Amino acid sequence: MMVTHRLYLTALPSAVGLVTVAALAYWGQFARTVPELFLVVALVATVVTFGLTWANVRYVAVRVERLASNRGDDISPESQRSAHATGSEHTRDELDVIEGTVTDLSGAVRSAEVVRARELARSELRNREQAQVLSTVANSALQRLDEVRLPLHILLENHFGDLNENQEEMLGAARAATESVDDELAAVAELAGLELGSIVLRRDRVFPADILDAILPTLRAQAAGRNQELQSDIARLVPPLHADAARLQRAMLVLLSECIKTSNPEAHLTLKLSGDRHVVVITLMPATPLVANARTLLARRVIEATGGDTQLEQGVFAINLRN
């Protein structure tokens, strides 16, 4: 029997009760043996009950039929096996169709979860392998750079012969280039070490104001080289936080230096420190998007490992540190 037919049959007792009360009211009123008030209350209650029952049955029947119509004609094999196992095999109704749909969806979800877990494991393994390769290549390149920097240093500091101005400039540019590449490769190696877990960050008790005091002269010198004015507003009472002091200071110096380099020349910059015992905020304005390189990526990674983040909104660059 269809489920909708079963639901409609549930309203049959209410209909029978309605007819019975109507008959009781007719014959009882005729014989004057039933109180009139009792008949009125019974009639009203029966009518209301019948109306509510019919409305609810109609609503549930329509919804069940609509759900069943969205499913194909096939019943899930799992549902058929379950029916055979329990001895409750019967003709197909809407609940069988809905049960088959739910079973198929559950199986699809489980399959998707297995595939997702497998892909996640592969992705993590791939990322670890790539980090390992980066670490190996970066460390090897750093060793080769040391072999290049030493001859350049000797040629520039110890003149074995007269060098003209162009030769000295070329050697100086070559040494500057090797120093820059050395910094980038060192950042790549450290970034790979953080990803591999071979580098563990310390948990020092540091005051943000002390970190800014240490890097502020360098930042002001960089700003002055671009004809910029750097003003500072450092709140001295900002509570300390726990982080790797040396790496956090270097990260802040890299990010703020890049902000100064990418900002408009002759701009008036403002560096501000504020916060409480939960969040420390360091802002520099005006600011423009930073150039993504190994050093800035490493700096952001250190900030994130400290529980913070960086953001650039409406020309304001902010470093948020959470305790």
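The present account deals with the structure reproduced in this document. As the structure is a computational prediction, the values presented were derived from the model and not from experiment. (Residues numbered from 1 in each chain as written. Predicted model: local features only at pLDDT ≥ 70, side-chain atom pairs only at ≥ 80, totals over all residues. Heavy atoms only, no water.)

Mapped onto the elements, Ser257 comes out in helix H8 (residues 245-262). What makes Ser257 buried here is its relative accessible area of 7%. Other than its neighbours up to four places away in sequence, Ser257 contacts Leu219 and Gln222. (Helix = DSSP H or I, 4+ residues; strand = E, 2+ residues; numbered from the N terminus. Buried < 20%, exposed > 50% of the residue type's maximum accessible area, 1.4 Å probe, protein only. Contact = heavy atoms within 4.5 Å.)

This paragraph deals with the sheet that holds strand S6 (residues 309-313). Overall, mixed pairing links the 5 strands, which are arranged S2-S4-S5-S7-S6 in an open sheet. Every other strand in the sheet has two partners, leaving strand S2 (229-234) and S6 as the edge strands with one partner each. Along the sheet, successive strands turn relative to each other by an average axial angle of 15°, direction set aside. Relative to strand S7 (residues 316-322), strand S5 (residues 279-285) runs antiparallel, the two sharing 6 bridges. (Pairing = 2+ DSSP bridges. Axes fitted to C-alpha atoms, helices over the stretch in contact; angles between N-to-C directions.)

What follows covers the pattern of salt bridges. Within the structure shown, the criterion is met by 10 salt bridges. Among the salt bridges present, the one from Glu190 reaches Arg247, with a minimum N-O distance of 2.5 Å. Of this pair, Glu190 sits in helix H6 (residues 165-196) while Arg247 sits in helix H8, placing them 57 residues apart in sequence. With its nearest N and O atoms 2.5 Å apart, the salt bridge here joins Asp213 to Arg236. Of this pair, Asp213 sits in helix H7 (residues 208-225) while Arg236 sits in the loop between S2 and strand S3 (241-243), and the two are 23 residues apart along the sequence. On the basis of relative accessible area, Asp213 is assigned to the partly exposed category, the value being 33%. Because the salt bridges share partners, they merge into one network encompassing Glu190, Asp244, Arg247 and Arg250. (Salt bridge = Lys/Arg side-chain N within 4 Å of Asp/Glu carboxyl O.)

Along the chain, the position of Leu150 falls in helix H5 (residues 94-157). Sequence spacing of Leu150 and Arg175 is 25 residues, and the spatial spacing of their C-alpha atoms is 9.4 Å.

Of all hydrophobic cores here, the largest spans 40 residues; its most connected members are Leu212, Leu230, Leu248, Met252, Leu256, Leu271 and Ile319. If one sorts the elements of this core by residue count, H8 sits on top with 8 residues. Aside from chain neighbours lying at most four places away, what touches Leu230 is Leu216, Leu219, Arg220, Ala223, Ile260, Leu269, Thr270, Leu271 and Leu284. (Core = buried A, V, L, I, M, F, W, Y, C linked by side-chain atoms within 4.5 Å.)

Judged by side-chain polarity, Val44, Val48 and Leu52 come together as a nonpolar surface patch covering roughly 270 Å² of accessible area. Here Val44 lies in helix H3 (residues 36-69). According to the relative accessible area criterion, Val44 is partly exposed, its value standing at 49%. (Patch = residues over 30% accessible without salt bridge, like charges linked within 9 Å, V, L, I, M, F, W, Y side chains within 5 Å. Areas by Shrake-Rupley, 256 points an atom, 1.4 Å probe, with all protein chains shown as cover.)

In this section: the side chain of Asp244. Positionally, Asp244 belongs in the loop between S3 and H8. By relative accessible area, which is 4% here, Asp244 ends up buried. Side chain to side chain, Asp244 and Arg247 meet in a polar contact 3.2 Å long. Setting aside residues no more than four positions away along its own chain, Asp244 makes contact with Leu201, Arg202 and Asp204. (Polar contact = N/O pair within 3.5 Å; in protein donor to acceptor, adjacent residues only side chain to side chain.)

Moving on, we come to the pairing of S7. Of all 7 residues that make up S7, 5 are buried, and the element is covered over most of its length. The pairing of S6 with S7 spans 5 bridges and is antiparallel. Along S7, the bridge assignment pairs Leu312 with Phe317. Taking the residues that link successive antiparallel strands as the turn, the S6-S7 hairpin has 2 residues, and the phi of Gln314 there is positive, at about 55°.

Without other data, these values stay purely geometric and don't point to any function.
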